[in-house]
Amino acid sequence: MRIAYLSNNSPENIHDWSGTPYHMYAVLKKHHDVDWIGCGVINGARWYHLLSGKDDTFYPEKYCMEIGRFLTRIIHEGHYDVVITSTYHFCVNLHVDIPVIFVSDVIFDAFKPCLKNQDPKYHELARETERLCLEKVDGIVYSSQWAKEGAIKAYGILPDKIHVVEFGANMPTPNKIEAKHACEEVCNIVFVGRDAIGKGLQTVLDTYCILQRMSFPCQLTVIGCQVNDSENLGVVNYPMIDKASYKDMEVYDGVLRKAHFLILPTKFDAFGIVFCEASAYGVPSIAADVGGVSQPLRDGVNGILLPPDASAETYADTIQQTYKDKRLYYHLSASSIKEFKNRLNWNNWCLRITEVVINLIQEKKTEEKDVFYLPVYVINLPERVERRRHIEKQFLGKDEFEVTFVEAVKHEIGAAGLWNSLRKCIQMAIERGDDIIVVCEDDHIFTEYYSKEYFLSNVIGASQQGAEILSGGISNFRQAIPVSENRYWIDKFFATQFIVLYKSVFHRILEYEFKDTDAEDLVLPELSNRCMVLFPFISEQYDFGHSDVTLVHNERPGLVTEMFKRAKERLSFIHHIRNRFSYI
């Protein structure tokens, strides 16, 4: 199977994300033909941001459109069977005909408190990007049931779309591991974590002191962070273990072989790779029941879960009582090894991911559904960067549209320039063989009423009724007559920020000789008496405070918004009467 593995950072860097991408990528390569795609993509977006002269903060989430277009082209050229990624902003604008699988251990809302960046605007951007990603991809694989439930609750993702597959230990599988007996004179306790505060190091040190006061023979080893005055405390301390170093891994192997308990009073963990590693050595874990910890650590199976606010005394009592109960301790150690062999290893992860991929590929082949992409021609001047960014955001994640940006034709008369730009769009559509197109101006904004189903069903319905022009939203009209549940025939209308044009009207538009006194929204109803508008509107104009075409908008701020408001009120009244008497 050929896999496109998408990530910006090298998956061969064992230090990235605690080594998880490294082991994920390695096991996939072991069983499949895998290419890493995405090297330097975010750097490229950052340079684009800087060279565009933007003075706002760079976030990759702002460039999902560009990133998606770039990656889509590479994936098409590679003839892959599936895309796998853990980078959410890589998925949003992918347009591929193979399954896309997103792998993660947490949703943004759960991880947000741990971020250094607490800017609400960034949080809003990141959360929306994640939502678009989860809706876009074909399959989602989380490492815990906790993460799955979070995505369902936060975004309404269908449960069947999400699979739970545990991660594995980020280290080689140890040899000759047998279940431990609680018969040694000294109980060896281990703490592993780089974030001393977040992982609860102080609780661990307090637990150790309490056990010593209880005359319980024990030895504490702390790995990953510095312990002040460790010698006086009698703590063995390894502030840094480099998993790329053979010598350091020998030390880690030695510590876990001698260990009897892993203790982790963590404040937050999305999963906890260290529980997989402890289980590989038959070491039961005692940890706080937070986040996704209960997935790798099953209470009474490969360790013990304690309440998030459990005190050091509780940890000390749990260690002492469990170690003294030799039968219970042996059971926990033996079942820890079984948990590692059966669930908490990367080969198992790869096997289950492969099953998910095969099922999704089969669904793609057998699923009877019409794939419908509607060509959209967006008129924009290259120097209007703000408007370009605005309109890109409108179509982000909407795979029912195939967006083409058309450079606006400049003319000393703004209305003439807009008409020539419309003609340019139609000429391109004819060359491409398009029968139905959307022509969109860069001040278009989708309303809350937009949905793929609502829009496409009305495009088809209007076509069946012989419509030649279907507007997504208008700022004024003369007459409106209901012709269906959500469509109205109109004779005159204003605003062409989002219009659907059908093939039958193409040549009339191209042949019309536009006059200096004309306006596009006045000419179009003259060329066709089969114009319709959707209601509720799916489109309105965003007021940028300047118009090249309608100069009165420059003199009266807020006029655009007010006109759309009045048009909605008028149509709402007609809509109400139509529904009240239900004659259609």
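This write-up is about the structure you can find in this document. All figures in this text were calculated on a predicted structure; none of them were measured in a lab.

From N to C terminus, the protein chain includes 20 helices and 24 strands. Every one of the 584 residues in the protein chain was classed for burial, and the buried ones make up 54%. The long-range share in the protein chain, meaning contacts at least 24 apart out of those at least 6 apart in sequence, stands at 71%. For the protein chain, the exposed surface amounts to about 27600 Å²; the carbon and sulfur share of it is 50%. Of the side chains in the protein chain, 63 bear a positive and 79 a negative charge, and the two mean positions are spaced by 2 Å.

Another aspect to go through is the sheet that holds strand β1 (residues 2–6). Spatial ordering of the open sheet is given by β2-β1-β3-β4-β5-β6, a layout of 6 strands whose pairing is parallel. Strand pairing shows two members of the sheet lacking a second neighbour, β2 (33–37) and β6 (162–164), which therefore form its edges. When strand polarity is set aside, the average angle formed by the axes of neighbouring strands in this sheet is 25 degrees. Relative to strand β5 (residues 139–142), strand β4 (residues 100–104) runs parallel, the two sharing 4 bridges. Within β5, the position partnered with Val103 by the bridge is Val141. Sitting on the sheet, helix α3 (residues 64–78) touches β1, β2 and β3 (82–85), and the angle it makes with β1 is about 165 degrees.

The next point concerns the packing of helix α15 (residues 414–432) against helix α18 (residues 520–527). Closest axis-to-axis distance for the α15/α18 pair is 10 Å, and the angle between their directions is 50 degrees. Classified by the angle between their axes, α15 and α18 sit oblique to one another. Seen from α15, the contacting residues are Leu418, Trp419 and Leu422; seen from α18, they are Glu520, Val523, Leu524 and Leu527. Considering only residue class, the contact of α15 with α18 consists of 6 nonpolar, no polar and 1 charged.

A cluster of nonpolar side chains, contributed by Trp47, Leu50 and Leu51, occupies part of the molecular surface with about 400 Å² of accessible area. The topology assignment puts Leu51 in helix α2 (residues 41–51). With a relative accessible area of 71%, Leu51 lands in the exposed category.

This part is about the packing of helix α5 (residues 120–136) against helix α6 (residues 145–155). Helix packing geometry: the angle between the two helix axes and the distance between the axes. Their axes nearest at 11 Å, the elements α5 and α6 cross at an angle of 105 degrees. It follows that α5 is roughly perpendicular to α6 by the angle criterion. Mapping the contact onto sequence places Arg127, Glu130, Arg131 and Leu134 in α5 and Ala151, Ala154 and Tyr155 in α6. Tallied by class, residues from the contact of α5 with α6 come to 4 nonpolar, no polar and 3 charged.

Judged by nonpolar contacts, the single largest core of 85 residues is most densely connected at Ile84, Ile101, Tyr252, Ile319 and Trp349. Tallying contributions element by element places helix α13 (residues 346–366) first for this core, with 8 residues. The contact partners of Ile101, leaving out residues within four places of it in the chain, are Val82, Val83, Ile84, Thr85, Gly139, Val141, Val356, Val357 and Leu360. One finds Leu422, Val439, Phe477 and Ala480 within the second-largest nonpolar core, a separate group that totals 42 residues.

Counted according to the given criterion, the structure contains 27 aromatic pairs. Here a set of aromatic residues connected by ring pairs shows up, and it is made of Phe395, Phe401, Phe446, Tyr450, Phe455 and Phe498. In this structure, Arg388 is placed above the aromatic ring of Phe405, and the distance from its NZ or CZ to the ring centre is 3.7 Å. Directly above the ring of Phe477 sits Arg570, whose terminal nitrogen or CZ lies 3.9 Å from the centroid.

An order of β9-β8-β7-β10-β11-β12 is seen for the 6 strands of this open sheet, with the pairing classed as parallel. Each having just a single partner strand, β9 (236–238) and β12 (303–306) make up the two edges of the open sheet. Shown here is a sheet whose adjacent strand axes are inclined to one another by a mean of 20 degrees, direction ignored. The sheet contact formed by strand β11 (residues 285–288) and β12 spans 4 bridges and is parallel. Residue pairing across strands places Ala288 opposite Leu306, the latter belonging to β12.

This part takes up the side chain of Ser7. Mapping Ser7 onto the fold places it in the loop between β1 and α1 (20–31). On the basis of relative accessible area, Ser7 is assigned to the buried category, the value being 10%. Excluding its chain neighbours within four sequence positions, the residues that come into contact with Ser7 are Trp36, Ile37, Gly38, Cys39, Thr87 and Phe90.

Turning our eyes to something else, we now look at the environment of Ala259. With respect to the helices, strands and loops of the structure, Ala259 is situated in the loop between α9 (246–258) and β10 (261–264). Through-space distance from the C-alpha of Ala259 to that of Arg530 is 80 Å; in sequence the pair is 271 residues apart. Those residues in contact with Ala259 that sit more than four places away from it in its chain are Lys180, Asn188, Val190, Val283 and Tyr329.

Rules used throughout
- Residues numbered from 1 in each chain as written.
- Predicted model: local features only at pLDDT ≥ 70, side-chain atom pairs only at ≥ 80, totals over all residues.
- Heavy atoms only, no water.
- Helix = DSSP H or I, 4+ residues; strand = E, 2+ residues; numbered from the N terminus.
- Buried < 20%, exposed > 50% of the residue type's maximum accessible area, 1.4 Å probe, protein only.
- Contact = heavy atoms within 4.5 Å.
- Areas by Shrake-Rupley, 256 points an atom, 1.4 Å probe, with all protein chains shown as cover.
- Lys, Arg positive; Asp, Glu negative; His and termini not counted.
- Charge placed at Lys NZ, Arg CZ, Asp CG, Glu CD.
- Pairing = 2+ DSSP bridges.
- Axes fitted to C-alpha atoms, helices over the stretch in contact; angles between N-to-C directions.
- Parallel < 35°, antiparallel > 145°, perpendicular 65-115°, else oblique.
- Nonpolar A, V, L, I, M, F, W, Y, C, P; charged D, E, K, R; others polar.
- Patch = residues over 30% accessible without salt bridge, like charges linked within 9 Å, V, L, I, M, F, W, Y side chains within 5 Å.
- Salt bridge = Lys/Arg side-chain N within 4 Å of Asp/Glu carboxyl O.
- Core = buried A, V, L, I, M, F, W, Y, C linked by side-chain atoms within 4.5 Å.
- Phe/Tyr/Trp six-rings, centres within 6.5 Å; stacked < 30°, edge-to-face > 60°.
- Lys NZ or Arg CZ within 6 Å of the ring centre and 35° of its normal.

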